[in-house]
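Understanding the architecture of this molecule
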Amino acid sequence: MSYNKKPNVTVTRKLPDIVETRMMELFNCKLNLDDKAMSREELIEAVQTCDVLVPTVTDKIDKEIIDAAGENLKFIASFGTGVDHIDFHAARKKGIMVSNTPDVLTEDTADMTMALILSVPRRLAEGERLVRTGEWQGWSPTGMLGHRIWGKRLGIIGMGRIGTAVARRAKGFGLSIHYHNRNRVAEETEKELEATYWSSLDQMIAHMDIVSINCPHTPATYHLLNSRRLSLMKNHAYVVNTSRGEVVDEQALVKALANKDIAGAGLDVFENEPKINPKLLKLENAVLLPHLGSATIEGRVAMGEKVIINIRTFIDGHNPPDRVIETMF
């Protein structure tokens, strides 16, 4: 489909200034300068009036909202990699195409994953709080003892772009790389990373010192790390999640952490974010971050550039380069 005039584009959240400026030049844009999440009523109003919707991963574009869309809405150009917030079945029935912004977040998210892999065993967040509260009494031979990560086994759940980038970083820190994935990665990648493939997720996590979750959230991965699987882990093992909160049964994780069934967790995502389980907040063996995985200026600008390219390609009558279809997940 091509447009003879600038399309009406609604953006649900504040984007970097350089991205918004370029979008205003190219499209008839309705921006969200206050950066407050739109209510359901506001989202419904938006889909009734725009040609293109630019939501973020925190905007739930479900069947009710898509069914309420006007005839002009033919494209949802999502600002983000994950697409579990969009009802693809409803969009397809309505003839609405969907795109995302893959690849540009890989290195930033892998950096954050590696930061948590380092910080949880070495108790960095606990130590920082100790200094800030004035409780630190100086160096002690037995003070704030953590665990080294050199020589430990890292089990990666989801060996896609981000999982592979995590593995490259972790190998440099002396970790032994193990992974579980729907499909085995290329032989040359396994050789490069000296990675061991496990077809059984249960068997892998039972042997790991650190488990990193890097798979997308889909119906198949909902609560993938549940109470039963957590019980398979060693009591000195750690969980790191920079994927989606829904992949972990958070109540079961809280119980495992509180009972010291596992040693600790590093979480950048939560099951009901921005709401955090109050019990999780009280746990000293959990490092909690506010969904910072892709939070770099460079990453967010690159995401915006992808959104713009996808919209321009669509309005010129071509398939967007980052079009997402149901069979991809």
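This text gives an overview of the structure that appears in the document. (Residues numbered from 1 in each chain as written. Predicted model: local features only at pLDDT ≥ 70, side-chain atom pairs only at ≥ 80, totals over all residues. Heavy atoms only, no water.)

So, the packing of aromatic side chains
- Counted according to the given criterion, the structure contains two aromatic pairs.
- Taking 4.5 Å as the distance between ring centres and 20° as the angle between the ring planes, the aromatic pair formed by Phe-75 and Phe-314 counts as stacked. Remark: Phe-314 occurs in helix 13 (residues 297-315) and Phe-75 occurs in strand 4 (residues 75-77); sequence separation between them is 239 residues. Grouping residues by exposure puts Phe-75 and Phe-314 together as buried.
- For the ring pair Tyr-179 and Tyr-197, a centre distance of 5.2 Å and an interplane angle of 50° mean the geometry is tilted. (Phe/Tyr/Trp six-rings, centres within 6.5 Å; stacked < 30°, edge-to-face > 60°. Helix = DSSP H or I, 4+ residues; strand = E, 2+ residues; numbered from the N terminus. Buried < 20%, exposed > 50% of the residue type's maximum accessible area, 1.4 Å probe, protein only.)

Observations regarding the environment of Leu-280
- Structurally, Leu-280 can be placed in helix 12 (residues 278-281).
- The buried category is assigned to Leu-280, whose relative accessible area is 0%.
- Distance from Leu-280 to Lys-255, taken between C-alpha atoms, is 9.2 Å for residues 25 residues apart in sequence.
- In this structure, Leu-280 is in contact with Glu-250, Val-254, Leu-257, Leu-267, Phe-270, Ala-286 and Leu-288, ignoring residues within four places of it in sequence. (Contact = heavy atoms within 4.5 Å.)

With respect to helix 1 (residues 17-26)
- Of all the positions in helix 1, only Val-19, Glu-20, Met-23 and Leu-26 are classed as buried. An end-on view of helix 1 places all buried positions within 130° of arc, on one side of the element. Opposite the buried face of helix 1, by more than 90 degrees, sit the exposed residues Asp-17 and Ile-18.
- Residues of helix 1 that are buried in the fold lie against strand 1 (8-11), strand 2 (28-30), strand 3 (52-54) and helix 13. (Arc of directions from axis to C-beta.)

What to know about the environment of Arg-161
- Relative to the helices and strands, Arg-161 resides in helix 7 (residues 161-172).
- Sequence spacing of Arg-161 and Ala-195 is 34 residues, and the spatial spacing of their C-alpha atoms is 15 Å.
- For Arg-161, the contacting residues outside a window of four places in its chain are Pro-102, Asp-103 and Thr-106.
- Looking at Arg-161, its side chain comes within polar contact range of the side chain of Asp-103, at 2.8 Å. (Polar contact = N/O pair within 3.5 Å; in protein donor to acceptor, adjacent residues only side chain to side chain.)

Section: helix 11 (residues 250-258)
- Within helix 11 the residues assigned to the buried category are Glu-250, Ala-252, Leu-253, Val-254, Ala-256 and Leu-257.
- Looking at where helix 11 begins, the residue whose side-chain oxygen comes 3.3 Å from the main-chain nitrogen of Gln-251 is Asp-249.
- The first or second residue beyond helix 11 is Lys-260, which carries a positive phi of 60°.

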